[in-house]
Amino acid sequence: MEQLETFIVECPDATGAKTTRSLILDTLSDLSLSRVIGRLKVYMDPVEPVFIFAALLRLGSPSIKIKDFARVDMGALGKDEVKIEIEKEMFTIKLLNKLWAKYGKENIEQPDRKIIIVKTDPIKDLDMLRELVVEEPQQEVLDRLIDAIALRIIPEGFRVRKHELSSTHVLFVASEDTLKPEWLAKGQEILESLRREENA
Amino acid sequence: MLEPMMYVGGAYKHSQLIELVEDLGGYILQKNIMQSEVVLLMLVPINDIPIVEIKSKELLGKLTRAPLTGSEIATVAPTLAYHHLPHLDCDVAEFLRKQGAKTNMVGLARGVGKRICQLTAFERDLINEHDVAVFILGNYEHCIIEKSKKLYEGIEIPIVVTGAPELRTEDVPNATAYVGSFGRILHHLRHAEELRTLDKLAQVIGKVLDDVRVEIAKDPPSVAPPRIKKEIEENIAEIVDNLHPLPITLQMNGVRVKMPYEEYHEQIENIKFVEGVTMKEVARVLPSKMRNFILIKALPKSETGFSI
């Protein structure tokens, strides 16, 4: 699927719409988010004042656990240790950092490039270590997305906000005054129209 | 009457130009040497400009009028958040600096929103210490107009407003001038079109400052600000070791001295001019709102009855 298949900024103020469009593009490229957003629609009315930001997301790969790139086994017989045999070295640094934080540097040994020994009770920790999440690309992307929308795109004065966030969509309704129900309804409506486009 | 001029040329023999300007009774405000090039910001007596022009031609340099020279400008952003910084605000401040002005960036505490924006008393006083305030506002016509109705309350210096829509100055309440095509831009201003907009802003501010100069000339200060600067440099030795950028910053009718008020204000007040008067007779030495600096405002001729 293409990035930004729909990108509409609706605003009664034509110049405002143009600059808002360029500032959204700048922010998305600054935070390398352009691939994440599939369809995007913004409605802004400075007179009301309301700012609605609705987008359908295309998040990348799910989170990566130790078992996805390494074999986790019991260590040497009779010793309290877990042996992690790494198959893809790409995640080693992140894994080491996680283990150091969890067990302390003195309890982690790396006798070989691809072998990590964790000094802990294998019976207790083996399954937990297999499922340990080393990298969360989706969460990182969502963090950046919130940074982009809430801290950079929505006008700063619009401090009353309501948002929805899932792995498939994001919706922000913001205003300087108390949010009106019709704005929230409009937000849902915009989101629905994006979904209809997606499914068509 | 002194004219603000900028000289750009080779470093070779540029001291001849400096000497010429000083001999003519002008002042060198700033000298920047960048490798083999030199940029001089100076004040030249208006009648002697042709002489300086001949000299600069001889040195193969370029002499231009730089109306922003010798002014201190506040670039005001609604807040210091990502929405406004680093692009645009810094670009504007830097561009004006290149044109010869000293710019200070002011981020307001509660400057956001069209209904909820406020200016605190401290911010107001701080901005009023400058010669011009440039308010960098956003994208929407309605917001700029609504905001302008109350944000500039109590500001006595000229106000230049920037924003995205092309509005006439009359449409923006309380503004001295308005410059369009800015808005909230989140990238570095480097396209030809954007640079032209910055040029236009500098031009507009230059015009505003020229108006201020005309206004000041009606009742000229008893002592020219560059003269105050020169006297302080000659009388207070510690200024040499001061690490602030531009330890003595020129303003249209005074200077800002970046030294602690408590320690130095008496020393400055008692500086004696060769004409026989002391500083406190021709200028007010005040504590500045900016840190604990000193703000010196020259008294007008109508108050002292003489000018030196």
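Parameters at a glance
Residues numbered from 1 in each chain as written. Chains lettered and ligands numbered in written order. Predicted model: local features only at pLDDT ≥ 70, side-chain atom pairs only at ≥ 80, totals over all residues. Heavy atoms only, no water. Helix = DSSP H or I, 4+ residues; strand = E, 2+ residues; numbered from the N terminus. Rg over C-alpha atoms; globule rule 2.2 N^0.38 Å. Buried < 20%, exposed > 50% of the residue type's maximum accessible area, 1.4 Å probe, protein only. Areas by Shrake-Rupley, 256 points an atom, 1.4 Å probe, with all protein chains shown as cover. Lys, Arg positive; Asp, Glu negative; His and termini not counted. Charge placed at Lys NZ, Arg CZ, Asp CG, Glu CD. Domains from an automatic or database assignment. Contact = heavy atoms within 4.5 Å. Buried area = accessible area lost by both parts, 1.4 Å probe. Expected span 1.5 Å × (residues − 1). Pairing = 2+ DSSP bridges. Axes fitted to C-alpha atoms, helices over the stretch in contact; angles between N-to-C directions. Patch = residues over 30% accessible without salt bridge, like charges linked within 9 Å, V, L, I, M, F, W, Y side chains within 5 Å. Salt bridge = Lys/Arg side-chain N within 4 Å of Asp/Glu carboxyl O.

### Brief notes about the overall build of chain B
Each helix and strand in chain B was counted, giving 10 helices and 13 strands. At 20 Å, chain B has a C-alpha radius of gyration in line with the 19 Å of a compact globule built from 308 residues. Projected onto its principal axes, the C-alpha positions of chain B cover 55 × 45 × 35 Å. Relative to its 308 residues, chain B shows a buried fraction of 55%. Split by element, the accessible area of chain B, about 14200 Å² in all, is 51% carbon and sulfur. Between the averaged position of the 36 positive side-chain charges in chain B and that of its 42 negative side-chain charges there is a distance of 4 Å.

### Here we look at the overall build of chain A
Along the backbone of chain A there are six helices and 11 strands. Taking 200 residues into account, the globule formula puts the C-alpha radius of gyration at 16 Å, and chain A, at 23 Å, lies well above it. When the backbone C-alpha atoms are referred to their principal axes, chain A occupies close to 75 × 35 × 25 Å. When the 200 residues of chain A are sorted by exposure, 49% land in the buried category.

### Remarks on the domain arrangement of chain B
Residue and element names in this part refer to chain B. Domains assigned within chain B are domain 1 (2-65), domain 2 (72-216) and domain 3 (225-304). Placing a centre on the C-alpha atoms of domain 2 and another on those of domain 3 gives a separation of 28 Å. Counting residues at the interface gives 13 residues for domain 2, matched by 14 residues for domain 3. In total, about 1100 Å² of surface goes out of reach between domain 2 and domain 3, with carbon and sulfur atoms giving 61% of it. It is E72, K102 and E129 in domain 2 that bury the most area against domain 3; as a group they hold 48% of the surface buried on that side.

### Brief notes about the domain arrangement of chain A
Its domain assignment divides chain A into domain 1 (6-61 + 137-199) and domain 2 (64-135). Spacing between the C-alpha centres of domain 1 of chain A and domain 2 of chain A amounts to 41 Å.

### Considering helix α5 (residues 137-153) of chain A
When the terminal C-alpha atoms of α5 of chain A are compared, their 22 Å separation across 17 residues agrees well with the 24 Å that a helix rising 1.5 Å per residue should span. Residues of α5 of chain A that are buried in the fold lie against α1 (14-30), β2 (37-45), β3 (50-57), β9 (133-135), β10 (160-165) and β11 (169-175) of chain A.

### Here's the deal with the sheet that holds β10 of chain A
All names here are of chain A. As summarised here, the arrangement of the five strands in space is β1-β2-β3-β11-β10, forming an open sheet in which the pairing is mixed. At either margin of the open sheet sits one strand with a lone partner, and together these are β1 (6-10) and β10. Each strand of the sheet is rotated relative to its neighbour by a mean of 5°, with strand direction disregarded. Sheet topology note: the β2/β3 ladder contains eight bridges and is antiparallel. Residue D45 lies in a different strand from β3, and its bridge partner there is V50.

### Section: a negative patch on the surface
All names here are of chain B. Side chains of E238, D241, E262 and E263 sit close together on the surface and give a patch of like negative charge. Along the chain, E238 turns up in the loop between α7 (225-235) and β10 (248-251). Overall, E238 belongs to the partly exposed group, its relative accessible area being 35%.

### Some points on the side chain of T79 of chain B
Within the element layout of this structure, T79 of chain B appears in the loop between β5 (72-77) and α3 (89-98). For T79 of chain B, a relative accessible area of 7% corresponds to the buried category. Setting aside chain neighbours within four positions, we find T79 of chain B in contact with E156 of chain A together with H84, G107, L108, A109 and V112 of chain B.

### Structural notes on the pairing of β10 of chain A
Residues and elements named next belong to chain A. Two elements, β10 and β11, share six bridges in a ladder whose sense is antiparallel. Looking across to β11, one finds that L165 is bridged to V170. Linking β10 back to β11 in an antiparallel pair, the connection comprises three residues.

### Looking at the pattern of salt bridges
Residues and elements named next belong to chain A. Scanning the model with the defined rule gives 35 salt bridges over all chains in all. In this structure, E197 and R39 form a salt bridge, with 3.3 Å as the shortest nitrogen-oxygen distance. With E197 in helix α6 (residues 181-199) and R39 in strand β2, the pair connects residues that are 158 residues apart, well separated along the chain. A relative accessible area of 31% places E197 in the partly exposed class. Assessed through its relative accessible area of 10%, R39 is described here as buried.

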